[in-house]
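# What the coordinates show
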Amino acid sequence: MNLHEYQAKSLLKKFNVPVQEGIACNTPTEAEEAYRQIHVEYGSKFAVVKAQIHAGGRGKGTIVGTDQRGVAVGKNADDIKRIAQNILGGTLVTIQTGPAGKLVNKVLVAQDVYYEGPSPVKEFYLSILLDRTKGQNVIMYSTEGGMNIEDVAHDTPEKIFKEWVHPGGGLEPFQARKIAFNLGLSGNAFKNCVKFVTNLYNAYVGLDCGMLEINPLFKTSDDKIIAVDCKMNIDDNALLRHPDVASLRDITEEDPTEVEAGKFNLNFVKLDGNVGCMVNGAGLAMATMDMIKLSGGEPANFLDVGGTANAQTVEAGFRIILKDPKVKAILINIFGGIVRCDRVAQGVIDAYNSIGNINIPIIVRLQGTNADVAKKLIDDSGLKVQSAILLSEAAGLVNKAVA
């Protein structure tokens, strides 16, 4: 589950991770008042207005139809209100959103951290994620933080450092010191960085994060180390342990069909192809998608109905697939182990009768428990459903459907 920047920062503060302070706002008037509050509390002459969407690249992205960036600096209350008016309700297109962009419903008005002091400010990059090849968490960091970190990784990979953390022992003090040293810090900045990295790793583990990225990790002119931006992803499987975090979910940022599928406990991911598929089991689903590709089609979705599927679940999956106008055919590939084939067949029949006329080919391959009963149910239903026994037969029918 992805979180907005303002939500992620509020969680980090619970683990004593210093962050750039800010106030989330829904309207331009709220943004104006937030600036006044920040000006009083932190003495900021300037403030930053940040669009809150589940995507990176906001600083380079623009609101459709304008030259307004997704992140902008305001010098006074009027500036902040004007920027918020330009951003709120607009569609922000960034390198990560694709051309469709994302609607901005909220902005974060944040304090200015580029104030004058005895030493120069610096921007770093730091993220924590799981390295599956080593079975260990890895802290990736660089002295080259900011908006062009992707270019740094591509052009100068030697500037990206990695520190692996053994899951049994956790982050060792010497590792936190090594990170601060490699970032070129000394004195109070060094000490503050060691504390920051230690607390950030505790937050990563304590919140069951899948990914935690700080960019930029910022050294202020008075040697404080703070998170100016934060991207946080929580492992969905761990949300039962964090009901307070689960309540932060913003479904407006998610694909509507994936949200609907979740209500029926369907594992669904929307893709850009032309063949809808419904399968039980992730492995069989991946093999089915490969088969669709080899037969000349393109998978329109990943849909695993699981081992407890019933007629209602299958009908729900059917309806979700049919909402995609790109779908030219539907392939149902079920191996009846735990789930019975006749339940799936009944779901197909119920969906057909409930939805009405379906003008695209439906190919059904059912093997395993009660497959013979399922075939008879479909044959006796009078529906225009094409059945297959072998995968090669199903592939041939898919090829005809999309040709």
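Described below are features of the structure shown in this document. In this text, all values refer to a predicted model and were calculated from it rather than measured experimentally.

## Things to note about the sheet that holds strand S4 (residues 62-63)
Within the open sheet, the 3 strands sit side by side as S4-S6-S7. Their pairing is antiparallel. Taken across any chain shown, the strands that pair with only one partner, and hence form the sheet edges, are S4 and strand S7 (102-103). Pairing geometry for strand S6 (residues 91-93) and S7, over 2 bridges, is antiparallel. Each bridged residue has a counterpart across the sheet, and for Thr91 the counterpart in S7 is Leu103.

## What to know about the sheet that holds strand S5 (residues 71-74)
The strand order across the open sheet formed by 4 strands is S2-S8-S3-S5, and the pairing between neighbours is antiparallel. Of all strands in the sheet, those with a lone pairing partner are strand S2 (22-25) and S5, marking the two edges. Strand-to-strand twist across the sheet, computed as the mean angle between neighbouring axes with direction ignored, equals 20 degrees. Running over the sheet, helix H1 (residues 5-13) touches S2, strand S3 (47-51) and strand S8 (107-111) and is turned about 50 degrees from S8. Each of S2, S3 and S8 touches helix H2 (residues 28-42); the most contacted strand, S2, lies at about 170 degrees to it.

## Quick notes on the packing of aromatic side chains
Under the defined criterion, the tally for this structure stands at 3 aromatic pairs. Summarising the aromatic geometry, the rings of Tyr114 and Phe218 are spaced 4.8 Å apart at their centres and angled 65 degrees between planes, so their arrangement reads as edge-to-face. With Tyr114 in the loop between S8 and strand S9 (122-131) and Phe218 in strand S12 (residues 209-219), this residue pair connects regions lying 104 residues apart in the sequence. Classification of Tyr114 by relative accessible area gives partly exposed; the value is 48%. Given a relative accessible area of 0%, Phe218 falls into the buried group.

## Considerations on the nonpolar core
One finds Leu12, Leu126, Ile139, Leu200 and Met232 to be the most contacted residues of the largest nonpolar core, which totals 40 residues. Put simply, the parts of the chain that give this core at least two residues each are H1, S9, strand S10 (136-142), helix H5 (173-182), helix H6 (187-206), S12, strand S13 (225-227) and strand S14 (231-234). If near-sequence neighbours (up to four positions away) are discounted, Met232 is found in contact with Met1, Asn2, Leu3, Ala8, Leu11, Leu12, Leu207, Cys209, Met211 and Leu212. With 33 residues, the next largest nonpolar core counts Val305, Val327, Val339 and Val385 among its residues.

## Details of the packing of helix H11 (residues 341-355) against helix H12 (residues 371-381)
Here H11 crosses H12 at 20 degrees, and the two axes come no closer than 7 Å. With respect to H12, the axis of H11 lies roughly parallel. The hand of the H11/H12 crossing is right-handed. Only Ala371, Val373, Ala374, Leu377, Ile378 and Ser381 of H12 make contact with H11, whose side of the interface consists of Cys341, Asp342, Ala345, Gln346 and Ile349. Here the residues of the contact of H11 with H12 sort into 8 nonpolar, 2 polar and 1 charged.

## A closer look at helix H3 (residues 77-87)
Among all positions in H3, only Ala77, Asp79, Ile80, Ile83, Ala84 and Ile87 are buried. Down the axis, H3 shows its buried residues gathered within 160 degrees of arc, on one side only. Tucked into the core, H3 has its buried residues touching H2, S3, S4, S5 and S8. Of the residues that open H3, the one with a side-chain oxygen 3.1 Å from the backbone nitrogen of Asp78 is Asn76. A positive backbone phi angle near 85 degrees is found at Gly89, which sits one or two residues after H3.

## Regarding the packing of H2 against H3
Remark: H2 packs on H3, axes separated minimally by 8 Å, with the N-to-C direction vectors making an angle of 145 degrees. Between H2 and H3 lies a crossing whose hand is right-handed. In this structure, H2 uses Pro28, Thr29, Ala31, Glu32, Tyr35 and Arg36 to contact H3, whose residues at the interface are Ala77, Asp78, Ile80, Lys81, Ala84 and Gln85.

## Notes on the pairing of S9
Of the pairings in the sheet, the one linking S9 to S12 comprises 7 bridges and is antiparallel in character. Of the residues in S12, the one forming a bridge with Ile128 is Leu212. By the bridge criterion, 7 bridges tie S9 to S10 in an arrangement that is antiparallel. Across the sheet, residue Leu130 finds its bridge partner in S10, namely Asn137. The antiparallel pairing of S9 with S10 creates a hairpin that spans 4 residues between the two strands, and Gly135 there sits at a positive phi of about 70 degrees.

## With respect to the side chain of Ser295
Along the chain, Ser295 falls in the loop between helix H9 (282-294) and strand S17 (301-304). Its relative accessible area of 8% is what places Ser295 among the buried residues. For Ser295, the side chain forms a polar contact with the main-chain oxygen of Ile292, separated by 2.8 Å. Ignoring anything within four residues of it in the chain, the contact list for Ser295 reads Ala395, Val398 and Asn399.

## Describing the pairing of S8
Of all the 5 residues making up S8, 5 are buried; the element is thus mostly covered by neighbouring parts of the structure. In terms of strand pairing, S2 meets S8 through 4 bridges, oriented antiparallel. Residue Gly22 lies in a different strand from S8, and its bridge partner there is Ala110. Where S3 meets S8, 5 bridges bridge the pair, whose relative direction is antiparallel. Bridged to Val48 within S8 is Ala110.

## Points about the pattern of salt bridges
Tallied over the full model, the rule gives 23 salt bridges. A salt bridge links Arg36 to Glu32; the nearest nitrogen and oxygen atoms lie 2.9 Å apart. Taken together, the residues Arg36 and Glu32, both in helix H2 and 4 residues apart, mark about one turn of the helix. Among the salt bridges present, the one from Asp79 reaches Arg82, with a minimum N-O distance of 3.3 Å. With Asp79 and Arg82 both in helix H3 and 3 residues apart, the pair spans about one turn of that helix. Assessed through its relative accessible area of 41%, Arg82 is described here as partly exposed. One salt-bridge network, held together by shared partners, links Glu5, Lys9, Lys50, Arg58, Glu213, Asp229 and Lys231.

What counts, and where the lines are drawn
Residues numbered from 1 in each chain as written. Predicted model: local features only at pLDDT ≥ 70, side-chain atom pairs only at ≥ 80, totals over all residues. Heavy atoms only, no water. Pairing = 2+ DSSP bridges. Helix = DSSP H or I, 4+ residues; strand = E, 2+ residues; numbered from the N terminus. Axes fitted to C-alpha atoms, helices over the stretch in contact; angles between N-to-C directions. Contact = heavy atoms within 4.5 Å. Phe/Tyr/Trp six-rings, centres within 6.5 Å; stacked < 30°, edge-to-face > 60°. Buried < 20%, exposed > 50% of the residue type's maximum accessible area, 1.4 Å probe, protein only. Core = buried A, V, L, I, M, F, W, Y, C linked by side-chain atoms within 4.5 Å. Parallel < 35°, antiparallel > 145°, perpendicular 65-115°, else oblique. Left-handed = near helix turned anticlockwise from the far one by under 90°. Nonpolar A, V, L, I, M, F, W, Y, C, P; charged D, E, K, R; others polar. Arc of directions from axis to C-beta. Polar contact = N/O pair within 3.5 Å; in protein donor to acceptor, adjacent residues only side chain to side chain. Salt bridge = Lys/Arg side-chain N within 4 Å of Asp/Glu carboxyl O.

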